[in-house]
Amino acid sequence: MSDDSHVHCGTQTSRSNDLAELREAIAQAVRDVKAKTPLAQSFTNFVTINLVANAQLAAGGTAAMSFLPDDVIETAKIAGANYINVGTLLPFYKDALPTIAQRLNYLGKPWVLDPVAAGIGKTRTAILQSFKAAPPTVIRANASEVIALANMWGLLDADKTSRPAGVESVDEVDAAIEPAKLLAQFLAASAPQHKATVAVSGKVDLVTDGEHVYRLPGGSAMMAKITGAGCSLGGVTATYLAVAEPLIAALAASLLYDRAAEVAEAEAKGPGSFQVAFLDALWNVTAEQVASSEILAQ
Amino acid sequence: MSDDSHVHCGTQTSRSNDLAELREAIAQAVRDVKAKTPLAQSFTNFVTINLVANAQLAAGGTAAMSFLPDDVIETAKIAGANYINVGTLLPFYKDALPTIAQRLNYLGKPWVLDPVAAGIGKTRTAILQSFKAAPPTVIRANASEVIALANMWGLLDADKTSRPAGVESVDEVDAAIEPAKLLAQFLAASAPQHKATVAVSGKVDLVTDGEHVYRLPGGSAMMAKITGAGCSLGGVTATYLAVAEPLIAALAASLLYDRAAEVAEAEAKGPGSFQVAFLDALWNVTAEQVASSEILAQ
Amino acid sequence: MSDDSHVHCGTQTSRSNDLAELREAIAQAVRDVKAKTPLAQSFTNFVTINLVANAQLAAGGTAAMSFLPDDVIETAKIAGANYINVGTLLPFYKDALPTIAQRLNYLGKPWVLDPVAAGIGKTRTAILQSFKAAPPTVIRANASEVIALANMWGLLDADKTSRPAGVESVDEVDAAIEPAKLLAQFLAASAPQHKATVAVSGKVDLVTDGEHVYRLPGGSAMMAKITGAGCSLGGVTATYLAVAEPLIAALAASLLYDRAAEVAEAEAKGPGSFQVAFLDALWNVTAEQVASSEILAQ
């Protein structure tokens, strides 16, 4: 049971340093999104851009999508958080995305990165490498992408690298624990209040702020049978990041996704009805259901 | 009751100048789309492009989406009407969209504009300003966008401007009545048969041809919880514009949307099932249901 | 009944040359996709890119979408097959798509082409003409597009041309039999093992390897009321092409689509619920149901 897990205190007294506090902060984030309908802006891939927006709306937020640096920066000034997903690159992204990341960081705007397909293509690698100098506040990825990105930023020993395999992870979440912690520590060094988080999606989701590691069991295997489960989780993480600190945002989004997926699986007859039921469940799952989820802290 | 509303006669005898005539023309437009499956072409944003096409199909029309000026102009020659939505701009749109608008106007092809996020970004502003010299036949927007566009085109006193707020309106529909009428009058001056219309979406939709103002109560608050309600309404307005004059097209599309939204809300358990039920309702709502809607004329 | 149809033996003894063998190969392809979850990569239009991915996942495969030549080629090396759809062109496609086709052919990677709107626009024509020198393994199109492409490649007498009409076919499938056979023969000449196939979608789908012609009755008229039925069929054909030869892949995909459409039509209340039920049915229809479909060989 998660309530039996022991969480070691961090050095920062402001950190939610036990599970009860964590649960209260998660519940508050879910309630705040429903009450405040915060705007999270996305620069995301064309495959799942519609689901990202609809998931953000279903969670209670509002959405705006932009690709021109000019539009992104101007919208970032009125958005609570931002989301960058490097899925379907176009030629102009090579210059646009590094510029956008630099401006977001310069303006102190928190953002979530989904390094989709990290390791595939020179342009994607150049873009992801550029983010090392202007890092996100939260990374949401699968295990392979986390390992690839940590390696790309020189945070890993050379023998811990993994090959990319399209957009599907070929590595288990456990293989990404150390890379995820190293990434989170690296992000925190330049983040507002030195707080950052890495969320690794898999059979059991894993969330770490660089110090603590939380495992989130549950969810549904059907999530892999609709496109955009991971992408839209990144978007919803940005929605929560508009009202909460990185660790709470990543936990709230991942837990909401796991609970909604379970509800949807129970109702669905296939991937079509699963996606419909999943969006309904994002809307209907309560702050209390999210916050009382099993959380395995280590 | 709408039947008690008094509509002042216009100066053009060809105009449908009382509600009974208006209702018959609306019913005819709905029937004509179902019978003729007209092609409406769209240049629209990547977030909701799929819903725009599916909504046009569900209303009875056919859809084609293009971005290259060459493709757009060639398709415009076989399309009954066109739709331009400036949502997710790419760099080449800065030249492409002014060129397309000029060519559509030169060819006398009617088109609907959705000035999404008017006021945000230099490129969007440059594009929207260029449309003043080659204006659309119908504008479909929220109140903030209508005000921003009217201001951008120099149709408003400086003190009537409003700040943009992402893609969500921060202004009530009533604040946009005068700007909408001024815009409609401006569009009409260069439109075929001098007929043009502006539709303002909000809690109560508002449609004006620059002379009369029609309020359309009803609809569903769930429409704001799926992405693309407004965008796809613009697309369906283009579908009706392929078979009807601007005022009738805007009224028919807005009324169909309100009735379909009400049906969907009654069936839905959340935003996922709402969108599904909404598309079904666009298909099932009859011409008579659309035409007998409450219409408040002033 | 399809079992009464006589299939003339081909000259290649390795070809599945009677319907029983054909049915067994189709069943095996459907089972293999469910068992192996092969990756098929797509370069496809923005309108239906989400449905393409979701249909590939529902059929049992995995999906990756790319647009940069660099990304496409690198992903092609780990994908079982590829899919190119020329729907919504952007300026850089003019150089990117010919380059990608050449590289795919040089690397011996099988790919499916959907020549959407063939005949409309100079850029599309230039791209499609370039594919003659680096042809796909399978073409999936409507009758008008098949005729336009065969004409564009100089395979037809001048008097057999047809005008394009947006993305909707204006020609019946029968008018495309000869062009489809000529195209298939042309593709086969440069294909791995000299095997290629052309699938023509219509009221009755038609599939030919250049020698035999198979008609596949059934399906649902509702398929024309959702956007992307044809596009996603191209994508699912690529999924099957990752585990089967061209003829089997095209037959399996088209038959799966027809059976799933019939199931969906029986459950749907309109195009919204039709699409949901269709994705569910892609997931639930069995290999045996697909393989026992009516197939009219000539």
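Note that the coordinates shown come from a computational prediction; the quantities given were computed from them, not determined experimentally. (Residues numbered from 1 in each chain as written. Chains lettered and ligands numbered in written order. Predicted model: local features only at pLDDT ≥ 70, side-chain atom pairs only at ≥ 80, totals over all residues. Heavy atoms only, no water.)

A. Expanded view of the interface of chain A and chain C. Between chain A and chain C, the contact holds 30 residues from the first and 27 residues from the second. Surface buried jointly by chain A and chain C totals about 2,300 Å² across both partners, of which 64% is contributed by carbon and sulfur atoms. Counting across the interface, chain A meets chain C through 2 salt bridges. Across the pair D71 of chain C and R124 of chain A runs a salt bridge, and its minimum N-O distance is 3.4 Å. Taken together, the elements giving at least two residues each to the side of chain A that touches chain C come down to α5 (122-130) and α10 (271-284) of chain A. Ranked by residues supplied to the side of chain A that touches chain C, first place goes to α10 of chain A with 5 residues. (Contact = heavy atoms within 4.5 Å. Buried area = accessible area lost by both parts, 1.4 Å probe. Salt bridge = Lys/Arg side-chain N within 4 Å of Asp/Glu carboxyl O. Helix = DSSP H or I, 4+ residues; strand = E, 2+ residues; numbered from the N terminus.)

B. Layout of the interface of chain B and chain A. Contact with chain B, which involves 29 residues of that partner, is made by 27 residues of chain A. Of the roughly 2,300 Å² buried between chain B and chain A on both sides combined, carbon and sulfur atoms contribute 64%. Three residues stand out in chain B for area buried against chain A, namely V47, K225 and K269 of chain B, and they jointly supply 21% of the buried area on that side. Where chain B packs against chain A, one counts 2 salt bridges. Linking chain B with chain A are 9 residue pairs in polar contact (both at pLDDT 80 or more), by the criterion used here. Within the residue set of the side of chain B that touches chain A, elements represented by two or more residues are α5 (122-130) and α10 (271-284) of chain B. Broken down by element, the side of chain B that touches chain A gets its largest block of residues, 5 residues, from α10 of chain B. Split by residue class, the side of chain B that touches chain A holds 13 nonpolar, 11 polar and 5 charged. (Polar contact = N/O pair within 3.5 Å; in protein donor to acceptor, adjacent residues only side chain to side chain. Nonpolar A, V, L, I, M, F, W, Y, C, P; charged D, E, K, R; others polar.)

C. Molecular detail of α10 of chain A. Over its 14 residues, α10 of chain A extends 19 Å from the first C-alpha to the last, a length consistent with the 20 Å expected when each residue adds 1.5 Å. With 12 of 14 residues buried, α10 of chain A lies mostly within the body of the structure. Listed as buried for α10 of chain A are P271, G272, S273, F274, Q275, V276, A277, F278, L279, D280, A281 and L282 of chain A. Along its buried surface, α10 of chain A packs onto α1 (19-36), α2 (49-59) and α9 (246-267) of chain A, α10 of chain B together with α2 (49-59) and α10 (271-284) of chain C. (Expected span 1.5 Å × (residues − 1). Buried < 20%, exposed > 50% of the residue type's maximum accessible area, 1.4 Å probe, protein only.)

D. Representation of the relation of the copies chain B and chain A. Structural alignment of chain B on chain A gives an RMSD of 0.0 Å, achieved by rotating through 120 degrees and translating 0.0 Å along the axis. Accordingly, the operation relating the two chain copies is best matched by a three-fold axis. The position closest to the rotation axis in chain B is occupied by the C-alpha of F46 of chain B, lying 3.8 Å away. Interface residue correspondence from chain B to chain A reaches only 10%, placing this contact among heterologous pairings that use different surfaces. (Least-squares fit on C-alpha atoms with pLDDT ≥ 70 in both.)

E. Summary view of the relation of the copies chain A and chain C. Screw-axis analysis of chain A against chain C gives a translation of 0.0 Å along the axis, an RMSD of 0.0 Å, and a rotation angle of 120 degrees. In this assembly the copies use different faces: only 10% of the residues contributing to the interface of chain A also contribute to that of chain C.

F. Just the UniProt feature "binding site: ATP" (unreviewed entry) in chain A, in detail. All names here are of chain A. The positions UniProt marks with the feature "binding site: ATP" (unreviewed entry) are R140 and S201. Spanning 62 residues, the named residues form one tight spatial group whose C-alpha atoms are at most 7.3 Å apart. Tracing the backbone shows R140 in strand β5 (residues 138-142). On the basis of relative accessible area, R140 is assigned to the buried category, the value being 5%. For R140, the residues in contact, after removing those within four places along its chain, are V112, L113, D114, P115, A199, S201, G230, C231, L233, G234 and T237. Taking relative accessible area as the criterion, S201 reaches 18% and is therefore assigned buried. Among residues more than four places away in sequence, those in contact with S201 are R140, A141, N142, A143, V173 and L233. In terms of polar contacts, S201 uses its side chain to reach the side chain of R140, at 2.7 Å. (UniProt positions renumbered as here; feature names shortened; annotations may be inferred.)

G. Here's a closer look at the sheet that holds β5 of chain A. Residue and element names in this part refer to chain A. The sheet built from 9 strands is open, its strands ordered β2-β1-β3-β4-β5-β6-β7-β8-β9 with mixed pairing. This sheet does not close on itself; its edge strands, each paired only once, are β2 (62-65) and β9 (296-297). In this structure, strand β1 (residues 39-43) lies alongside strand β3 (residues 81-85), joined through 4 bridges in parallel fashion. Bridged to F43 within β3 is I84. On the sheet, helix α3 (residues 69-76) packs against β1, β2 and β3 and is oriented at approximately 160 degrees with respect to β1. Against the sheet, helix α7 (residues 177-190) makes contact with β5, β6 (197-201), β7 (205-208) and β8 (213-216), and its axis sits at roughly 150 degrees relative to β6, the strand it touches most. (Pairing = 2+ DSSP bridges. Axes fitted to C-alpha atoms, helices over the stretch in contact; angles between N-to-C directions.)

H. Up close: unusual backbone geometry. Residues and elements named next belong to chain B. A positive phi angle, close to 35 degrees, is found at T37, a residue other than glycine. By the secondary structure assignment, T37 is in the loop between α1 (19-36) and β1 (39-43). The exposure class of T37 is partly exposed, given its relative accessible area of 31%. We note that A117 has phi near 60 degrees; this positive angle belongs to a residue other than glycine. Secondary-structure assignment places A117 in the loop between β4 (111-114) and α5. Judged by relative accessible area, A117 falls into the buried class, the value being 7%.

I. Structural context of the pairing of strand β5 (residues 138-142) of chain B. Residue and element names in this part refer to chain B. With 5 of its 5 residues buried, β5 lies for the most part within the structure. Burial along β5 is two-sided: the residues V138, R140 and N142 and I139 and A141 are all buried. Pairing of β4 with β5, which is carried by 2 bridges, proceeds in the parallel orientation. In the sheet register, L113 faces β5, and the bridge partner there is I139. The parallel pair β4 and β5 is bridged by α5, and the resulting crossover is right-handed. Note: β5 against strand β6 (residues 197-201), 5 bridges, orientation parallel. The partner of N142 across the bridge, within β6, is S201. (Right-handed = clockwise from strand over helix to strand, strands pointing away.)

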